[in-house]
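Chain by chain, the residues:
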Amino acid sequence: MVEFGQHIINMLILGSTYALLGIGLTLIFGIMRIVNFAHGELYAFGAYFVYLASMMLGINFFIALLLAIVAGCLMGALIEVTLLRPMRDADIDTTMLVMIGAMIIMQNTEQFIWGGVGKSVNTPFPQAPLQVGPFFVSWLSLFVFFAALALIGATYLLINRTKLGKAMRATFQDRDTASLMGVNVQAIYMATFAIGSALAAAAGALLGAVYVITPQMGNLAALKSFAIVILGGLGSIGGATIGGFILALAEEMGAGYVSSGYRDAMGFLIIIAVLLFRPTGLFARKERIG
Amino acid sequence: MKRLFPWAVLLVFASVPLWLNDPYLLNAFITTGVFIIAAMSLNLLLGYTGQLSLGHVAFFGIGAYTSALVSLGFDVELLFGIRVVHEPWPVWSGFIIGTLVAGLFGYLVGKLSFRVRDAYFVIVSISFAEVTRLVALNWVELTQGPLALTSIPPLTLGLPGIGYFDFYSKQSNYYLVLGVLVISYVIISRLVKSRIGRAMVALKENESLAVSVGIDVTRYLVLAAVISAGMAGAAGSLYAHYLKIIDPDVFLFLYTITMVIMVVTGGKGTLAGPIVGGLIFGFIPVIARSFAAPEIQWILYGAFMILILFVLPQGIVPAIEKWFGVSTEADDARQTTPASAKTQDAS
Amino acid sequence: MTSSSQTSTQPVVLTLEHIAVHFGGLVAISDLNFVVHEGEVVSLIGPNGAGKTTAFNVVTGFMRPTKGEVRYKGTLLNNLKPHQVAELGLVRTFQRTSVFQNVSVFDNVMIGLHRRGRSHLWDTLLALPRERQSERELRDKAREILDTVGIERRANELAGALPYGDQRLLGVAMALAAEPSMLLLDEPVSGMNPTETMRFMELLTRVRSLGVTILLVEHDMPMVMGVSDRIVVLNYGRIIAEGPPAAIQGNPEVIKAYLGQGAKRRAGH
């Protein structure tokens, strides 16, 4: 019973950061219809940035986190402008392959600079975990959980309460109509990719502090993001959030009760299972009007 | 003149072991050859039939492991205490079974791709490959997991009474791979130039139009998937019996990317594309090994692929064809159309 | 409704009986009844929104009628899928480009001839004579069709590079490849210049002489008048006139229907 509760706690923490990953991708995938293989690399980028800032440059951990998010945003904008914008009219395979190219470059750059050995980040939180009843949770994990929730909330507000968010939603529903109504679709695409990348970087920055940072961490993250988007439905922030928690739950349960080796397989099995039965995703909304 | 070109190329490659003594380079040729076979098979699915299957390495790995396990034998316990014991069988049977099993998975993927579309299919195909990797990694009883399957026997061909031949040496493996490569090339070539090939291209170009013309798109897609997967499995089997050791890394997404880069930069939808792309990306590591770290090489591959996609989106082979004003593909149509004689005058 | 004077003594091949098509609350077609005889060229005309394309879609299996029956040579078409309708010999062309853009003109027709081919996987892989024979036959047929349609000089060009009029001709070539007994042409000359339209009308005459029945939807009046045996005029989902071109030309109902739309149909382009 205690073990179960512990799994739930782990799930909440993991799920909140997965949600960030998923929301980032669902915005990009939903609005721009790009199979963004580089998403996982932005996740890794966030983690390595925090490492660089806090461990190598001695910057305060929290500031490093914020900088990582900003850097992720800028990196996303850069990628959009240099790689995606010129490819706007190309077919889906070409765009996808360009993203794979970007993924290769980013991952190997990290590998080249920092090597394949895992890196850790020191945080200002006490090492001793907090005990709540029979459960243990580290201060860092608590921070990660609340930080992630805050970011999810901020994203929700951004999408639903700001002009930018309104333009993004309009573009998601019907790009052509939005354009006719004065929305600068080019700018929206850049903003979307930047925001989505910032969220991925945030997830990486947070989880990188908890776990170990390696150049390959992006691979699994990318695929898990896709699983979350498929679970939650394209373009749905709420769906991606729920999807993130569901994936985390499946992983925790799988790791705890089946075998830890198959933990990562959970995400993929979910993808396969869901798409077999609901080929357009679990909570698929009507994607376009008209 | 043009017809002789492939034969000339073949002759050149067939002569290599006769004058190349460096085992490292010979090894590079062999592994490149294996990857070219896999890339050709991917090209059938990606280039001709238009399916974005990015889980191709799964078929390669399944072929490798199946073939190795058939020839090594295994002893595993399945659910409910059922024990399955398999005695080692001859390697050639492993090769065949590996090809068939890979083809079977290709069948499943083919059937699936109609249910799940476009971007979602890409994701499913990658997930499928990752799951196979994780199974290979974790089902230690069967696959030895990360400790790898070792002592895989080489292919042995022969007849009782006449004698046996072990494909143990690099030279013999070179010819084995070359032989399978040529056969694979012929299979794909005949396929794409036929009515079946036209149906595949039709399905890639405009599926609903293909349907209205009466093409059973499911059937042709599944056919392409089965042949493609089986061929990749055959390549995997050759790989396993050449290296004599196979570990779950054979399922890495990295290898799918390698095959994709070969096909896309070489020219998807062309016969020569995967070969050209394969030679380039198979040998760059060889040439670059002394002055560039592997990571730098990969950064260059990524940049190169992006460059090709921007500048020559059809790939290198079509660009060369256009440059020299020749075509290797539509020759048959031209040669048998009397109108072509008129076209020279009219245009 | 003006009843038609059956000028044809040929058997009826296509019948539409009490066809109605409702989309939610919208009535696209209210009560459509007409027939087409074997070997006839019948044109379906009417102002925009009159229901012509809907009627077309119903006949070719792209839409199911809410009421009524469509029969071709006795077979009920209502519930058939498009490829099943095509198998019965009823082949349609599409308004938008209906060719494989990145494939040569010749190969386009070869693809159109797909169903006539008879090759199996092993024949192909082993390059058996049976396969080569079959391919030869297909090539001969393809050349013949390209000749009939008149674009054989462009055989090796990519379909996407063709001028618009030629692409439409290629569309007809592909329809002919399916060996239709009846051809349904959806606004075949829309977007064509006068020369192209003239060539198309000549093509229709050639096709008709092959014994193929033709039903077409069009806006181009001179073309329709020049090519049809009989014209059926639709407005607001029902027939308002039917008869040979001469009868339709001066028909006040028809003129009212078109003028009422506020736009004169473009003549000749």
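The rules we used
- Residues numbered from 1 in each chain as written.
- Chains lettered and ligands numbered in written order.
- Predicted model: local features only at pLDDT ≥ 70, side-chain atom pairs only at ≥ 80, totals over all residues.
- Contact = placed C-beta atoms within 7 Å.
- Helix = DSSP H or I, 4+ residues; strand = E, 2+ residues; numbered from the N terminus.
- Nonpolar A, V, L, I, M, F, W, Y, C, P; charged D, E, K, R; others polar.
- Core = buried A, V, L, I, M, F, W, Y, C linked by C-beta atoms within 7 Å.
- Buried ≥ 20, exposed ≤ 12 C-beta atoms within 10 Å, placed from the backbone.
- Domains from an automatic or database assignment.
- Pairing = 2+ DSSP bridges.
- Axes fitted to C-alpha atoms, helices over the stretch in contact; angles between N-to-C directions.
- Parallel < 35°, antiparallel > 145°, perpendicular 65-115°, else oblique.
- Left-handed = near helix turned anticlockwise from the far one by under 90°.
- Right-handed = clockwise from strand over helix to strand, strands pointing away.
- Expected span 1.5 Å × (residues − 1).

1. Overview of the arrangement of the chains
Okay, so step 1: Highest in contacts among the two pairs of chains that touch are chains A and B.
Okay, so step 2: Spatially, chain A and chain C are disjoint, and the shortest separation between their C-alpha atoms is 14 Å.

2. A closer look at the interface of chain A and chain B
How big an interface is tends to be reported as the loss of accessible area on association of its parts.
Okay, so step 1: Between chain A and chain B, the contact holds 33 residues from the first and 35 residues from the second.
Okay, so step 2: Of all the elements in the fold, those that place two or more residues in the side of chain A that touches chain B are helix H4 (92-114), helix H9 (217-232) and helix H11 (265-277) of chain A.
Okay, so step 3: A per-element tally of the side of chain A that touches chain B places H4(A) first, with 14 residues.
Okay, so step 4: Partitioning the side of chain A that touches chain B into residue classes produces 23 nonpolar, eight polar and two charged.

3. Points about the environment of Trp7(B)
Okay, so step 1: For Trp7(B), the location among the structural elements is in helix H1 (residues 4-19).
Okay, so step 2: Sequence separation between Trp7(B) and Thr150(B) is 143 residues, and the spatial gap between their C-alpha atoms is 37 Å.

4. A few points about the nonpolar core
Okay, so step 1: Val50(A), Ala68(A), Ala201(A), Ile271(A) and Ala173(C) are the most contacted members of the largest nonpolar core, which totals 294 residues.
Okay, so step 2: With 18 residues, helix H10 (residues 217-243) of chain B is the single largest residue contributor to this core.
Okay, so step 3: Two domains each provide a minimum of three residues to this core, namely domain 1 (1-89 + 213-269) and domain 2 (92-179) of chain C.
Okay, so step 4: If we ignore the near neighbours within four places in the chain, the residues touching Ala201(A) are Leu42(A), Tyr43(A), Phe45(A), Gly46(A), Ala68(A), Ile69(A), Ala71(A) and Gly72(A).

5. Concerning the domain arrangement of chain C
Okay, so step 1: Entries for chain C in the domain assignment read domain 1 (1-89 + 213-269) and domain 2 (92-179).
Okay, so step 2: With centres defined by C-alpha atoms, the gap from domain 1 of chain C to domain 2 of chain C works out at 29 Å.

6. Thoughts on the sheet that holds strand S3 (residues 41-45) of chain C
As a general point, the strands of a sheet are linked pairwise by backbone hydrogen bonds and lie either parallel or antiparallel.
Residues and elements named next belong to chain C.
Okay, so step 1: In spatial order, the strands read S6-S7-S8-S3-S9-S10; together these six strands make up an open sheet with mixed pairing. The sheet terminates laterally at strand S6 (90-92) and strand S10 (238-243), the two strands that pair on one side only. Taking the axes of each pair of neighbouring strands and ignoring which way they run, one obtains an average angle of 20° across the sheet.
Okay, so step 2: Each of S3, strand S7 (182-186) and strand S8 (213-217) is contacted by helix H7 (residues 194-209), which is oriented at about 145° to S8, the strand it contacts most.

7. Things to note about the interface of chain B and chain C
Okay, so step 1: At the interface, 28 residues of chain B touch 31 residues of chain C.
Okay, so step 2: Only helix H7 (170-192), helix H8 (195-205), helix H9 (207-212), helix H15 (331-336) and helix H16 (339-346) of chain B provide two or more residues apiece to the side of chain B that touches chain C.
Okay, so step 3: Take the side of chain B that touches chain C: its biggest share by element is seven residues, from H8(B).
Okay, so step 4: Of the residues in the side of chain B that touches chain C, the class split is 14 nonpolar, eight polar and six charged.

8. Thoughts on the packing of helix H3 (residues 56-72) of chain B against helix H5 (residues 118-138) of chain B
Residue and element names in this part refer to chain B.
Okay, so step 1: Here H3 crosses H5 at 30°, and the two axes come no closer than 8 Å. By the angle between their directions, the pair H3 and H5 is classed as roughly parallel. H5 is crossed by H3, and the crossing has left-handed handedness. In this structure, H3 contributes Val57, Ala58, Gly61, Ile62 and Tyr65 to the contact, and H5 contributes Phe128, Ala129, Thr132 and Ala136.
Okay, so step 2: Across the contact of H3 with H5, the residue classes tally to seven nonpolar, two polar and no charged.

9. Examining the pairing of S7(C)
Residue and element names in this part refer to chain C.
Okay, so step 1: In terms of burial, S7 is largely enclosed, as five of its five residues are buried.
Okay, so step 2: Alternating residues of S7 divide into Met182, Leu184 and Asp186 and Leu183 and Leu185, and every residue in both groups is buried.
Okay, so step 3: Summarising the sheet, S6 and S7 pair through three bridges and their orientation is parallel. Following the sheet pairing, leucine 90 is matched in S7 by methionine 182.
Okay, so step 4: Bridging between S7 and S8 involves five bridges; their strand directions are parallel. Paired with leucine 185 across the strands is leucine 216, a residue of S8.
Okay, so step 5: Between the parallel pair S7 and S8, the chain is carried across by H7, and the sense of this crossover is right-handed.

10. Topic: the pairing of strand S3 (residues 156-159) of chain B
All names here are of chain B.
Okay, so step 1: As judged from the four bridges shared by S3 and strand S4 (residues 163-166), these two strands associate in the antiparallel manner. The residue bridging glycine 158 from the neighbouring strand is tyrosine 164, located in S4.
Okay, so step 2: Here S3 hands over to S4 after three residues, with glycine 161 in that stretch at a positive phi of 95°.

11. Some details on the sheet that holds strand S4 (residues 67-72) of chain C
Residue and element names in this part refer to chain C.
Okay, so step 1: Read across the open sheet, the four strands follow the order S2-S1-S4-S5; overall the sheet is antiparallel. Pairing within the sheet leaves two strands with one partner each, and these edge strands are strand S2 (26-37) and strand S5 (75-76).
Okay, so step 2: In the sheet, strand S1 (residues 12-23) pairs with S2 via eight bridges, with the strands oriented antiparallel. The partner of threonine 15 across the bridge, within S2, is valine 35.
Okay, so step 3: Along the sheet, helix H1 (residues 52-59) contacts S1, S2 and S4; its crossing angle with S2, the most-contacted strand, is approximately 65°.

12. Observations regarding unusual backbone geometry
Residues and elements named next belong to chain C.
Okay, so step 1: At histidine 18, a residue that is not glycine, the phi angle is positive and equals roughly 50°.
Okay, so step 2: Of note in this structure, tyrosine 236 is not a glycine but carries a positive phi near 50°.
Okay, so step 3: For tyrosine 236, the location among the structural elements is in the loop between strand S9 (230-235) and S10.
Okay, so step 4: A residue is classified by how many C-beta atoms lie within 10 Å of it, and tyrosine 236, with 15 of them, is partly exposed.

13. A look at the environment of Met87(A)
Residue and element names in this part refer to chain A.
Okay, so step 1: Relative to the assigned elements, methionine 87 resides in the loop between helix H3 (61-84) and H4.
Okay, so step 2: Given 19 C-beta atoms within a 10 Å radius, methionine 87 is considered partly exposed.
Okay, so step 3: Between the C-alpha atom of methionine 87 and that of alanine 255, which follows or precedes it by 168 residues, the distance is 41 Å.

14. Observations concerning helix H12 (residues 273-288) of chain B
All names here are of chain B.
Okay, so step 1: Its 16 residues place the ends of H12 22 Å apart at the C-alpha level, agreeing with the 22 Å of an ideal helix rising 1.5 Å per residue.
Okay, so step 2: Among the residues of H12, Gly273, Pro274, Ile275, Gly277, Gly278, Phe281 and Gly282 are the ones counted as buried.
Okay, so step 3: Buried residues belonging to H12 abut helix H2 (23-48), helix H11 (253-266), helix H13 (294-311) and helix H14 (316-324).

15. Considerations on the packing of helix H2 (residues 39-56) of chain A against helix H8 (residues 185-210) of chain A
Residue and element names in this part refer to chain A.
Okay, so step 1: At a minimum axis separation of 7 Å, H2 and H8 run at an interaxial angle of 50°. Taken as axis vectors, H2 and H8 run oblique relative to one another. Every pair of crossing elements has a handedness; the one defined by H2 and H8 is right-handed. In this structure, H2 uses His39, Leu42, Tyr43, Ala44, Phe45, Gly46, Ala47, Phe49, Val50 and Tyr51 to contact H8, whose residues at the interface are Ser197, Ala200, Ala201, Ala202, Ala203, Gly204, Ala205, Gly208 and Ala209.
Okay, so step 2: The residue makeup of the contact of H2 with H8, split by class, is 14 nonpolar, five polar and no charged.

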